[in-house]
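# Results of the structural survey
Chain by chain, the residues:
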There are 2 protein chains.
Amino acid sequence: MTMKLAHVGRQAILAVTVAVVPLGILVFGHTPIDSVSLAADPSSTKMTRPTAAQYDTKGQLMRPEDHREWIFVGAPVTPNELNDGKAAFPEFHNVYIDPTSFAAYKKSGKFPEGTVILKELVSVGSKAMPSGNGYFQGEFVSLEAMVKDNTRFKEEPGGWAFFRFGEAPDYKPVGARMKTADCANCHTGATEDYVFTATYPVLRAAKARQMSK
Amino acid sequence: MTMKLAHVGRQAILAVTVAVVPLGILVFGHTPIDSVSLAADPSSTKMTRPTAAQYDTKGQLMRPEDHREWIFVGAPVTPNELNDGKAAFPEFHNVYIDPTSFAAYKKSGKFPEGTVILKELVSVGSKAMPSGNGYFQGEFVSLEAMVKDNTRFKEEPGGWAFFRFGEAPDYKPVGARMKTADCANCHTGATEDYVFTATYPVLRAAKARQMSK
């Protein structure tokens, strides 16, 4: 497999031929090698396509390692002071999508089966910095996930199930199911497949690139 | 090289032995293979450590491909209405660090030479969504970078130089130098090495992990 070299003075660079490029490495990327998760076929040494959603025997979602190295999607902030002191989420919502599914989304413009979208709530910290008055991130608060799987969660709207990993800084290693109704009430009104793409330019740009081909 | 498998039911998974794991692949991660940039030694087939900062012959910074797949650092928002209508940056600031340097930062707690930190300004879009009133991202506005290189930019405070790739959606392929004084005025007051770590819990958590070892 030969990689085209981009953004480098070509006269100073050799094309590099890489003999073996395991798919898992490409997908999980800069995750440290000692924490790479690969889905392997136990009956052979062939690797199957890795998926970010892994479950324990109780059907709870395994918390991904290094989720902060996933693809950042958006970070809305809904502070208490703009919601009569009663914000549903008085924090920043740092939203990520797993790299495998983002790669598929860029090609198809659709969230593939197995998509994991994480929401990490982050408190409002400072409200004034050299760049001006506003909202700046403080401390991590909690971590939740939504997973699309129309086989495993065929009873759920759009096949999306919701999980919660608890409070920072000691997130649980597995996330228990949340009541879908509590989450889907809002997500049913989302732009695209229960995801608020309208407020996520990163996703819109990825989709536009796909559509312009 | 054997990868330990994490977060997967171990009884269903085989340890996978990968014979060849090129460093560039590990570092650049989920970047599409056709846009991976590798710094290679032209006098041999050995790859050297890739760096995110690449320059053209005029010393302008090459714009990285797929910067939105770098490590997300933070997203402060400083809207006009909170700054007497005269915000210096009336947008969200989506801030990213290159994966290579983030990996080094996790180990050392310091920004290595060659660190690239990108700031993509994103307009405020909606101010009300099902999650509440607040600030939600609209459209990309512009893209800027700061690069640490105490050899190349030895005259600059901390070795940091600043570049600008222009306006969205047609960012330029190379970024011209900005006047350091225009940027360093604020960045001199930053928490850590000209970076506003105080408002970036992602960086603080990475540093804490390093310090707890």
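Residues numbered from 1 in each chain as written. Chains lettered and ligands numbered in written order. Predicted model: local features only at pLDDT ≥ 70, side-chain atom pairs only at ≥ 80, totals over all residues. Heavy atoms only, no water.

## Re the overall build of chain A
As a reminder of what qualifies: The helix and strand labels rest on DSSP assignments: H or I over at least four residues marks a helix, E over at least two residues marks a strand, and numbering proceeds from the N terminus. Buried means the residue's accessible area, taken with a 1.4 Å probe over protein chains only, is under 20% of the maximum for its type, while exposed means over 50%, and partly exposed covers the values in between. Every accessible area reported is derived by Shrake-Rupley at a probe size of 1.4 Å, with residue values counting cover from the shown protein chains alone.
Counting its regular elements, chain A contains 4 helices and 11 strands. Expressed as a percentage of its 213 residues, the buried residues of chain A come to 55%. Accessible surface, chain A as shown: approximately 9,400 Å² in total, 55% of it carbon and sulfur.

## A few points about the sheet that holds strand 9 (residues 137-148) of chain B
All names here are of chain B. Heads up, the condition is: Two strands pair under a simple rule: DSSP has to find at least two bridges between them.
Ordered by their spatial adjacency, 7 strands build an open sheet running 3-11-10-9-6-5-4, and the pairing between neighbours is antiparallel. A strand with exactly one partner marks an edge of an open sheet, and here the two such strands are strand 3 (61-62) and strand 4 (71-74). Examined bridge by bridge, strand 5 (residues 91-97) and strand 6 (residues 116-124) share 7 bridges and lie antiparallel to one another. Bridge pairing in strand 6 links histidine 93 to leucine 121.

## Structural notes on the pattern of salt bridges
Condition: Throughout this description, the term salt bridge denotes a Lys or Arg side-chain nitrogen within 4 Å of a carboxyl oxygen of Asp or Glu.
Per the counting criterion, the structure on display carries 20 salt bridges over all chains. Between aspartate 193 of chain A and lysine 148 of chain A there is a salt bridge, with the nearest N and O atoms lying 2.7 Å from each other. Of this pair, aspartate 193 of chain A sits in the loop between helix 3 (180-187) and helix 4 (201-211) while lysine 148 of chain A sits in strand 9 (residues 137-148); the two residues are 45 residues apart in sequence, bridging distant segments of the chain. Exposure remark for aspartate 193 of chain A: the relative accessible area of 26% places this residue in the partly exposed category. On the basis of relative accessible area, lysine 148 of chain A is assigned to the buried category, the value being 11%. Put simply, arginine 164 of chain B and glutamate 167 of chain B hold a salt bridge, and the shortest N to O gap is 2.4 Å. Overall, the relative accessible area of 28% leaves arginine 164 of chain B in the partly exposed class. Relative accessible area serves as the criterion here: at 45%, glutamate 167 of chain B is assigned to the partly exposed category. Here the salt bridges share partners, and the residues they tie into one network are Lys119, Glu144, Arg164 and Glu167 of chain A.

## Observations regarding the packing of aromatic side chains
The criterion, for reference: Any pair of Phe, Tyr and Trp rings, taking the six-membered ring for Trp, is counted once the centres come within 6.5 Å. Such a pair is stacked with planes under 30 degrees apart, edge-to-face with planes over 60 apart, and tilted for the rest.
What the rule picks out here adds up to 16 aromatic pairs over all chains. Seen in terms of ring centroids, tyrosine 55 of chain A and phenylalanine 153 of chain A are 6.1 Å apart; in terms of plane orientation they differ by 70°. Their pairing is edge-to-face. Of the two residues, tyrosine 55 of chain A sits in the loop between helix 1 (23-28) and strand 3 (61-62) while phenylalanine 153 of chain A sits in the loop between strand 9 and strand 10 (160-167), which places them 98 residues apart along the sequence. Classification of phenylalanine 153 of chain A by relative accessible area gives buried; the value is 3%. Members of the aromatic cluster, connected to one another through ring pairs, are Phe72 and Tyr96 of chain A together with Phe72 and Tyr96 of chain B.

## Looking at the confidence of the model for chain A
Residues and elements named next belong to chain A. Heads up, the rule is: A residue's pLDDT is the predictor's confidence in that residue, given on a scale from 0 to 100. Only heavy atoms enter the contact rule, under which two residues are in contact if any of them lie within 4.5 Å.
Summarising the model, chain A shows a mean pLDDT of 81, and 75% of its residues fall at 70 or more. Low pLDDT, under 50, characterises residues 1-49; the predicted model gives this stretch 132 contacts beyond four residues in sequence or across chains. In the model output, the complex is listed with pTM 0.78 alongside ipTM 0.77.

## Describing the sheet that holds strand 6 (residues 116-124) of chain A
All names here are of chain A. Keep this limit in mind: Simply put, an axis is a line fit to the C-alpha atoms, just over the touching stretch for a helix, and the angle between two N-to-C directions goes from 0 to 180 degrees.
Read across the open sheet, the 7 strands follow the order 3-11-10-9-6-5-4; overall the sheet is antiparallel. Each edge of the open sheet is held by one strand with a lone partner, namely strand 3 and strand 4 (71-74). Sheet contacts for helix 2 (residues 99-108): strand 4, strand 5 (91-97) and strand 6; angle to strand 5, the most-contacted strand, approximately 70°. Contacts from helix 3 reach strand 9, strand 10 and strand 11 (174-177), with the element oriented near 110° to strand 10.

## Brief notes about helix 2 of chain A
Residue and element names in this part refer to chain A. Extensive coverage of helix 2 is indicated by the burial of 7 of its 10 residues. Taken together, the buried positions of helix 2 are occupied by Pro99, Thr100, Ser101, Phe102, Ala104, Tyr105 and Lys106. A positive backbone phi angle near 75° is found at glycine 109, which sits one or two residues after helix 2.

## Structural notes on unusual backbone geometry
Residue and element names in this part refer to chain A. The omega torsion across alanine 168 and proline 169 is 0°, close enough to zero to call that bond cis. Positionally, proline 169 belongs in the loop between strand 10 and strand 11. You will see that aspartate 193, though not glycine, has its phi angle at about 50°, which is positive.

## Remarks on the environment of proline 157 of chain B
Residues and elements named next belong to chain B. When you line up the elements, proline 157 lands in the loop between strand 9 and strand 10 (160-167). The exposure class of proline 157 is partly exposed, given its relative accessible area of 32%. Sequence separation between proline 157 and proline 79 is 78 residues, and the spatial gap between their C-alpha atoms is 29 Å. Setting aside chain neighbours within four positions, we find proline 157 in contact with Thr180 and Tyr194.

## Considerations on the state of the cysteines
Residue and element names in this part refer to chain A. The condition that has to hold: Put simply, a disulfide is two cysteine sulfurs that come within 2.5 Å.
The final tally for this structure, using the stated rule, is 0 disulfides over all chains. With no disulfide of its own, cysteine 183 lies 8.8 Å from the sulfur of cysteine 186, the closest cysteine sulfur. According to the relative accessible area criterion, cysteine 183 is buried, its value standing at 11%. With a relative accessible area of 28%, cysteine 186 lands in the partly exposed category.

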